[in-house]
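Now for the letters of each chain:
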Amino acid sequence: MRTELADRLGVEFPLFAFSHCRDVVAAVTNAGGFGVLGAIAYSPAELDAELSWIDERVGGRPYGVDVLVPGKIEGPRVDVAAFIPDRHRDFVAHLFRKYGVAAGSGREIRSADEFAGRVTAAGATGLIDVALKHPIGLIASALGPPPPEMVARAREHGIPVAALVGTVEHARRQVAAGADVIVAQGTEAGGHTGEISTMVLVPQVVDAVGEVPVLAAGGIADGRQMAAAMALGAQGVWCGSVWLTTEEAETAPAVKRKMLAASSLDTVRSRSRTGKPARQLKSAWTEEWDAAPESPGPLGMPLQMLVAEGAMARIGAAAERGEPGAVELANYFVGQVVGQLDQVRPAREVVYAMVSEFADAVERLRRLSE
Ligand SMILES: Cc1cc2nc3c(=O)[nH]c(=O)nc-3n(C[C@H](O)[C@H](O)[C@H](O)COP(=O)(O)O)c2cc1C
């Protein structure tokens, strides 16, 4: 399928796969789509190793990198963990006791400090430097306009910058800041989302940004949804959730089982993992933070990320051992399409199925106009 953006990026099928898992990125790219590796989980050295691994497997086919860049890249690194109030540490300890998860002493907060450092000022710079050393075809940024340094460095390397948006105003701001591709992401998406649905957002963004190509994201997991997004004016689709139940995915087995069983009502937009509203599986973790009378309420980003990621590592390990309280708490980011995900398939099969469903959907529409 040809769109201007697909041609420009040298991709056969404009299906973009956001994933934190290198295996998914390589599999989708090799199947004719465009894998985009989420870099947030990695240190610069780890990212370098992951991208080298991908380079060795994709034979020069195009792929990209996504960095969770804060609005500005500057400032010294501070010990953010010191700003976590005792009330929040105590609440995590209380949840561990209530759900029978082996005690947390607060050390997991400390161990998550480096992780959060990557979404604070200086953290993103090192990741961008590493990404630009590899033959990437796109660099994406979430959480606000790409900083001028990022745009300038990407331009030097001839690499287009994509930016995720949840409103028309954000799209205009991103274009003004130099974004070359806009990913219009509806509220049904997994991860950080706004409040507007994909069906409503995409045509408005397409109209607002003129010549700048738009990818549709949020709620797209099969070829019918892809055809609908293209009908709205998108030049391709950007999917995240659909890869989480693939064979290759990084999703922890206990959480994958929850996803396969979940309906589209089983997600919630909650601040309890990162401090910003992010769609994820509903679990005891989201319900306790968001509704329990003793909850101190989530902190902002990145402090809540420190609180949550450390605790989630411990909860995840206990859930894998089958501890029932930990299974209740465990969750992960996923969108409303989780209700469609009921089998484990290789990522390449997901791509091929979407291509064929897309062709069927377009043919069905064509017949309607005969
Ligand atoms: C597990 C998960 C983690 C995500 N993390 C990020 C991220 O770090 N950076 C980002 O730009 N988008 C992130 N997203 C959002 C995706 O890029 C994408 O926009 C979204 O998944 C599309 O909607 P869908 O989940 O309905 O496919 C994440 C999504 C998921 C499901």
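Residues numbered from 1 in each chain as written. Predicted model: local features only at pLDDT ≥ 70, side-chain atom pairs only at ≥ 80, totals over all residues. Heavy atoms only, no water.

Q: Run through the overall build of the chain, naming residues and quoting values.
A: The secondary structure content of the chain amounts to 16 helices and 11 strands. The C-alpha atoms of the chain give 20 Å as radius of gyration, which agrees with the globular expectation for 370 residues (21 Å, within 12%). Over its C-alpha atoms, taken along the principal directions, the chain stretches across nearly 65 × 45 × 40 Å. Within the chain, buried positions represent 57% of all 370 residues. Taking all contacts inside the chain whose residues are at least 6 apart in sequence as the whole, residues at least 24 apart take part in 67%. Carbon and sulfur atoms provide 53% of the accessible area of the chain, an area that totals close to 15100 Å². (Helix = DSSP H or I, 4+ residues; strand = E, 2+ residues; numbered from the N terminus. Rg over C-alpha atoms; globule rule 2.2 N^0.38 Å. Buried < 20%, exposed > 50% of the residue type's maximum accessible area, 1.4 Å probe, protein only. Contact = heavy atoms within 4.5 Å. Areas by Shrake-Rupley, 256 points an atom, 1.4 Å probe, with all protein chains shown as cover.)

Q: So what about the domain arrangement of the chain? Which residues, and what values?
A: According to the domain assignment, the chain contains domain 1 (1–72 + 120–251 + 341–370) and domain 2 (77–113 + 253–331). In this structure, domain 1 and domain 2 have C-alpha centres spaced 27 Å apart. Of the roughly 1400 Å² buried between domain 1 and domain 2, counting both surfaces, carbon and sulfur atoms make up 63%. Between domain 1 and domain 2 we count 0 salt bridges in total. (Domains from an automatic or database assignment. Buried area = accessible area lost by both parts, 1.4 Å probe. Salt bridge = Lys/Arg side-chain N within 4 Å of Asp/Glu carboxyl O.)

Q: Give me the lowdown on the sheet that holds strand β3 (residues 63–67), citing residues and values where you can.
A: Pairing is parallel around the closed barrel formed by 8 strands, whose spatial order is β1-β2-β3-β4-β5-β6-β8-β9. Averaged over neighbouring strand pairs, the angle between their axes works out to 25° when direction is ignored. Pairing analysis gives 4 bridges linking strand β1 (residues 15–19) to strand β2 (residues 34–38), with the strands arranged parallel. In the strand pairing of β2, Ser19 is matched with Leu37. Running over the sheet, helix α8 (residues 148–156) touches β4 (138–141) and β5 (161–165) and is turned about 170° from β4. (Pairing = 2+ DSSP bridges. Axes fitted to C-alpha atoms, helices over the stretch in contact; angles between N-to-C directions.)

Q: Go over the packing of aromatic side chains, please, and point to the residues and values.
A: Taken as a whole, this structure holds 6 aromatic pairs when the rule is applied. On the basis of an interplanar angle of 20° and a centroid distance of 6.2 Å, the ring pair of Phe16 and Trp238 is categorised as stacked. Taken together, the positions of Phe16 in strand β1 and Trp238 in strand β9 (residues 236–239) put the pair 222 residues apart, joining distant regions of the chain. Of the two residues examined, Phe16 and Trp238, each falls in the buried class. Ring geometry for Tyr332 versus Phe333: centroids 5.7 Å apart, planes at 50°, classification tilted. Across the pair, exposure class does not vary: Tyr332 and Phe333 are buried alike. (Phe/Tyr/Trp six-rings, centres within 6.5 Å; stacked < 30°, edge-to-face > 60°.)

Q: Account for the state of the cysteines, naming residues and giving values.
A: This model, assessed by the stated rule, comprises 0 disulfides. Not engaged in a disulfide, the cysteine Cys21 finds its nearest cysteine sulfur in Cys239; these two sulfurs lie 16 Å apart. (Disulfide = S-S within 2.5 Å.)

Q: Provide a residue-level description of helix α4 (residues 86–98), including the pertinent values.
A: For α4, with 13 residues, the first-to-last C-alpha span of 18 Å sits near the 18 Å given by 1.5 Å per residue. Regarding α4, the residues found buried are His88, Phe91, Val92, Ala93, Leu95 and Phe96. Residue Gly100 follows α4 closely and has a positive phi angle near 65°. (Expected span 1.5 Å × (residues − 1).)

Q: So what's going on with the nonpolar core? Residues and values would help.
A: Of all hydrophobic cores here, the largest spans 41 residues; its most connected members are Ile182, Val205 and Trp243. Here this core gets 6 residues from one element, more than from any other, and that element is helix α16 (residues 347–368). Apart from residues lying up to four places away in sequence, Ile182 is in contact with Ala163, Val165, Ala171, Gln174, Val175, Val205, Val209, Val212, Pro213, Val214 and Leu215. Leu95, Phe96, Ala262 and Trp285 belong to the second largest nonpolar core, which has 36 residues in total. (Core = buried A, V, L, I, M, F, W, Y, C linked by side-chain atoms within 4.5 Å.)

Q: So what's going on with the layout of surface pockets? Residues and values would help.
A: In this structure, the second largest pocket spans a volume of roughly 190 Å³. Every residue lining the second largest pocket is counted, 14 residues in all, and those nearest its centre are Ala221, Gln340, Leu341, Gln343 and Arg345. A class-by-class count of the residues in the lining of the second largest pocket yields 6 nonpolar, 4 polar and 4 charged. (1 Å grid on protein atoms, 1.4 Å probe; cavity = no way out; pocket = protein on both sides within 12 Å on 5 of 7 lines; lining within 4 Å. Points joined across faces, edges and corners; volume = space filled by probe spheres on them. Nonpolar A, V, L, I, M, F, W, Y, C, P; charged D, E, K, R; others polar.)

Q: An account of the environment of Glu247 is needed here, citing residue identities and associated values.
A: Here Glu247 lies in the loop between β9 and α12 (253–261). What makes Glu247 exposed here is its relative accessible area of 52%. Expressed as a C-alpha distance, the spacing of Glu247 and Ala347, which sit 100 residues apart in the sequence, is 6.9 Å. Residues in contact with Glu247, not counting those within four places in the same chain, are Lys256, Val344, Arg345 and Pro346.

Q: So, the environment of Ile196: which residues are in play, and what are the values?
A: Topologically, Ile196 is positioned in the loop between β7 (191–192) and α10 (198–209). Given the relative accessible area of 30%, Ile196 is considered partly exposed. Taking C-alpha positions, Ile196 is 25 Å from Thr3, a pair spaced 193 residues apart along the chain. For Ile196, the residues in contact, after removing those within four places along its chain, are Gly166, Thr167, Gln185, Gly186, Thr187, Glu188 and Leu201.

Q: Quick rundown of the pattern of salt bridges? Include the residues and the values.
A: Pairing of side chains with opposite charge becomes possible as their charged atoms draw close. Summed over the entire model, instances satisfying the criterion amount to 12 salt bridges. The partner of Arg22 in a salt bridge is Glu50, and the shortest N-O contact between them spans 3.6 Å. Residue Arg22 is located in helix α2 (residues 22–30), and its partner Glu50 is located in helix α3 (residues 44–58); the two are separated by 28 residues in the primary sequence. A relative accessible area of 14% means that Glu50 is categorised as buried. In this structure, the salt-bridge partner of Arg366 is Glu363, at a minimum N-O distance of 2.8 Å. Linking Arg366 with Glu363, this pair stays in helix α16, spanning 3 residues, or about one helical turn.

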